[in-house]
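# An overview of the molecular structure
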Amino acid sequence: MRGINPLLIILTVLGQFVYASLPTQNNCSAFWREVDWKIVPFIEVNAKYFSYQFKIPAGKKIQFHVDGRFPIARYMSFHVYDQLTENPISRLTDIFVPPTEGSNNPYLPGVDRYSTQRNYSFTIPQSSSNLSPEEQNLWIPFDPAKEQLLDIWFRVYVSEEKE
(Lines give C-alpha, C1' and ligand atoms only; values in the text may rest on other atoms or scores of the structure.)
Protein backbone atom coordinates (compact mmCIF):
# COMPACT_ATOMS: atom_id res chain seq x y z
CA MET A 1 0.00 0.00 0.00
CA ARG A 2 2.87 2.35 -0.74
CA GLY A 3 1.95 5.68 -2.29
CA ILE A 4 -1.60 5.81 -0.98
CA ASN A 5 -1.45 5.45 2.77
CA PRO A 6 -4.58 6.38 4.70
CA LEU A 7 -2.78 5.93 8.05
CA LEU A 8 -6.08 5.26 9.70
CA ILE A 9 -6.70 4.43 13.30
CA ILE A 10 -9.54 2.03 12.65
CA LEU A 11 -10.45 -1.65 12.48
CA THR A 12 -9.70 -3.74 9.43
CA VAL A 13 -9.95 -6.96 7.49
CA LEU A 14 -9.21 -8.22 4.00
CA GLY A 15 -11.43 -7.17 1.11
CA GLN A 16 -13.57 -10.25 1.75
CA PHE A 17 -16.65 -10.55 3.89
CA VAL A 18 -14.85 -11.44 7.10
CA TYR A 19 -15.28 -9.36 10.21
CA ALA A 20 -12.81 -8.17 12.79
CA SER A 21 -13.49 -7.62 16.43
CA LEU A 22 -13.00 -4.13 17.81
CA PRO A 23 -9.31 -3.23 18.29
CA THR A 24 -7.60 -3.27 21.64
CA GLN A 25 -4.79 -1.01 20.43
CA ASN A 26 -5.08 2.58 19.22
CA ASN A 27 -3.46 2.17 15.80
CA CYS A 28 -5.04 -0.22 13.32
CA SER A 29 -3.72 1.34 10.12
CA ALA A 30 -1.69 -1.72 9.14
CA PHE A 31 -4.88 -3.76 8.76
CA TRP A 32 -6.48 -1.81 5.90
CA ARG A 33 -6.42 -3.91 2.76
CA GLU A 34 -6.62 -2.99 -0.89
CA VAL A 35 -9.66 -4.56 -2.55
CA ASP A 36 -9.01 -6.55 -5.70
CA TRP A 37 -11.30 -4.90 -8.25
CA LYS A 38 -11.50 -8.13 -10.25
CA ILE A 39 -13.53 -9.87 -7.53
CA VAL A 40 -16.03 -7.07 -6.86
CA PRO A 41 -18.06 -6.30 -10.01
CA PHE A 42 -19.25 -2.75 -9.22
CA ILE A 43 -15.79 -1.27 -8.73
CA GLU A 44 -14.33 1.35 -11.07
CA VAL A 45 -11.06 -0.02 -12.53
CA ASN A 46 -9.35 3.41 -12.46
CA ALA A 47 -9.74 3.65 -8.70
CA LYS A 48 -8.00 2.07 -5.74
CA TYR A 49 -10.18 0.86 -2.90
CA PHE A 50 -9.20 0.08 0.67
CA SER A 51 -11.70 -1.65 2.91
CA TYR A 52 -12.16 -2.29 6.58
CA GLN A 53 -14.99 -4.56 7.66
CA PHE A 54 -15.95 -4.96 11.29
CA LYS A 55 -18.58 -6.12 13.73
CA ILE A 56 -20.06 -3.95 16.50
CA PRO A 57 -21.72 -5.88 19.34
CA ALA A 58 -25.25 -4.78 20.28
CA GLY A 59 -25.15 -1.65 22.43
CA LYS A 60 -21.37 -1.14 22.05
CA LYS A 61 -20.39 2.56 21.84
CA ILE A 62 -17.42 3.30 19.58
CA GLN A 63 -15.89 6.07 17.50
CA PHE A 64 -12.96 6.11 15.10
CA HIS A 65 -10.33 8.75 14.56
CA VAL A 66 -8.82 9.03 11.09
CA ASP A 67 -5.44 10.63 10.32
CA GLY A 68 -4.08 10.61 6.80
CA ARG A 69 -2.53 12.40 3.87
CA PHE A 70 -4.54 13.63 0.88
CA PRO A 71 -3.47 11.54 -2.12
CA ILE A 72 -2.46 13.18 -5.37
CA ALA A 73 -5.46 11.98 -7.33
CA ARG A 74 -8.54 13.20 -9.13
CA TYR A 75 -10.95 12.21 -6.33
CA MET A 76 -11.06 10.55 -2.90
CA SER A 77 -13.85 9.57 -0.52
CA PHE A 78 -14.79 7.59 2.56
CA HIS A 79 -18.03 5.59 2.79
CA VAL A 80 -19.66 3.51 5.51
CA TYR A 81 -21.85 0.59 4.33
CA ASP A 82 -24.18 -1.84 6.07
CA GLN A 83 -22.90 -5.26 4.99
CA LEU A 84 -26.24 -7.03 5.51
CA THR A 85 -28.20 -4.73 3.19
CA GLU A 86 -25.20 -3.44 1.16
CA ASN A 87 -26.75 0.02 1.53
CA PRO A 88 -24.65 3.15 2.05
CA ILE A 89 -24.97 4.73 5.48
CA SER A 90 -22.77 7.79 5.24
CA ARG A 91 -20.04 9.40 3.15
CA LEU A 92 -17.37 12.07 3.16
CA THR A 93 -15.98 13.20 -0.20
CA ASP A 94 -12.69 14.95 -0.87
CA ILE A 95 -13.75 18.61 -0.66
CA PHE A 96 -15.37 18.02 2.75
CA VAL A 97 -12.40 16.25 4.39
CA PRO A 98 -10.92 18.67 6.95
CA PRO A 99 -7.19 19.38 6.66
CA THR A 100 -5.10 19.51 9.81
CA GLU A 101 -3.83 22.86 11.06
CA GLY A 102 -1.12 24.13 8.69
CA SER A 103 -2.23 21.80 5.88
CA ASN A 104 -4.34 22.35 2.78
CA ASN A 105 -7.12 20.34 1.23
CA PRO A 106 -5.84 20.12 -2.39
CA TYR A 107 -9.34 19.29 -3.68
CA LEU A 108 -10.65 22.77 -2.89
CA PRO A 109 -10.75 25.39 -5.66
CA GLY A 110 -7.68 27.63 -5.72
CA VAL A 111 -5.49 25.30 -3.64
CA ASP A 112 -2.26 23.91 -5.14
CA ARG A 113 -3.05 20.25 -5.85
CA TYR A 114 0.64 19.36 -5.35
CA SER A 115 0.96 21.11 -1.99
CA THR A 116 3.31 19.24 0.36
CA GLN A 117 1.25 20.23 3.42
CA ARG A 118 -1.67 17.86 2.79
CA ASN A 119 -2.62 16.05 6.02
CA TYR A 120 -6.17 15.49 7.26
CA SER A 121 -7.75 14.40 10.51
CA PHE A 122 -11.35 13.70 11.51
CA THR A 123 -13.49 11.58 13.79
CA ILE A 124 -16.18 9.13 12.71
CA PRO A 125 -18.74 9.26 15.53
CA GLN A 126 -21.59 6.90 16.26
CA SER A 127 -25.15 8.19 15.93
CA SER A 128 -28.56 6.74 16.69
CA SER A 129 -30.32 9.16 14.32
CA ASN A 130 -30.98 8.23 10.72
CA LEU A 131 -29.02 10.86 8.83
CA SER A 132 -29.32 10.82 5.06
CA PRO A 133 -26.51 9.12 3.09
CA GLU A 134 -26.62 12.13 0.75
CA GLU A 135 -25.30 14.40 3.52
CA GLN A 136 -21.55 14.97 3.73
CA ASN A 137 -21.27 13.63 7.23
CA LEU A 138 -19.40 10.39 7.94
CA TRP A 139 -20.89 8.47 10.88
CA ILE A 140 -21.45 4.93 12.17
CA PRO A 141 -24.89 3.86 13.34
CA PHE A 142 -25.57 2.95 16.96
CA ASP A 143 -28.06 0.17 17.65
CA PRO A 144 -28.57 -0.83 21.29
CA ALA A 145 -30.56 -3.95 20.31
CA LYS A 146 -28.59 -5.76 17.61
CA GLU A 147 -25.10 -6.56 16.37
CA GLN A 148 -24.00 -4.63 13.28
CA LEU A 149 -21.75 -5.68 10.41
CA LEU A 150 -20.24 -2.59 8.81
CA ASP A 151 -17.65 -1.71 6.22
CA ILE A 152 -15.62 1.48 5.74
CA TRP A 153 -14.27 2.09 2.24
CA PHE A 154 -11.54 4.55 1.26
CA ARG A 155 -11.60 5.28 -2.49
CA VAL A 156 -8.92 7.03 -4.53
CA TYR A 157 -9.77 7.71 -8.18
CA VAL A 158 -7.06 8.14 -10.84
CA SER A 159 -4.07 8.30 -8.52
CA GLU A 160 -0.96 10.06 -9.78
CA GLU A 161 1.20 8.69 -6.99
CA LYS A 162 3.95 6.14 -7.55
CA GLU A 163 3.11 2.70 -6.18
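Scroll up a little and you will see the structure.
Our subject in this report is the structure included herewith.

Criteria and cut-off values
Residues numbered from 1 in each chain as written. Predicted model: local features only at pLDDT ≥ 70, side-chain atom pairs only at ≥ 80, totals over all residues. Heavy atoms only, no water. Core = buried A, V, L, I, M, F, W, Y, C linked by side-chain atoms within 4.5 Å. Buried < 20%, exposed > 50% of the residue type's maximum accessible area, 1.4 Å probe, protein only. Helix = DSSP H or I, 4+ residues; strand = E, 2+ residues; numbered from the N terminus. Contact = heavy atoms within 4.5 Å. Pairing = 2+ DSSP bridges.

One broad rule of soluble globular proteins: the nonpolar side chains tend to lie buried together. If you look at the biggest cluster of nonpolar residues, it comprises 26 residues, and the most contacted ones within it are Phe-54, Met-76, Phe-78, Tyr-120, Phe-122, Ile-124 and Ile-140. Among the elements of the structure, strand S3 (47-56), strand S4 (64-69), strand S5 (73-82), strand S6 (87-93), strand S7 (119-124) and strand S10 (148-159) are those that each provide at least two residues to this core. Excluding anything up to four places from it in sequence, Phe-122 contacts Phe-64, His-65, Val-66, Phe-78, Leu-92, Val-97, Pro-98 and Leu-138.

Quick look at the pairing of S5 now. As paired elements, S5 and S10 share nine bridges and run antiparallel to each other. Bridging from a neighbouring strand, Val-80 pairs with Ile-152 of S10. Pairing analysis gives six bridges linking S5 to S6, with the strands arranged antiparallel. Among the inter-strand pairings, Ser-77 is bridged to a residue of S6, identified as Thr-93. The loop that links S5 with its antiparallel partner S6 comprises four residues; one of these, Glu-86, has a positive phi angle of about 60 degrees.

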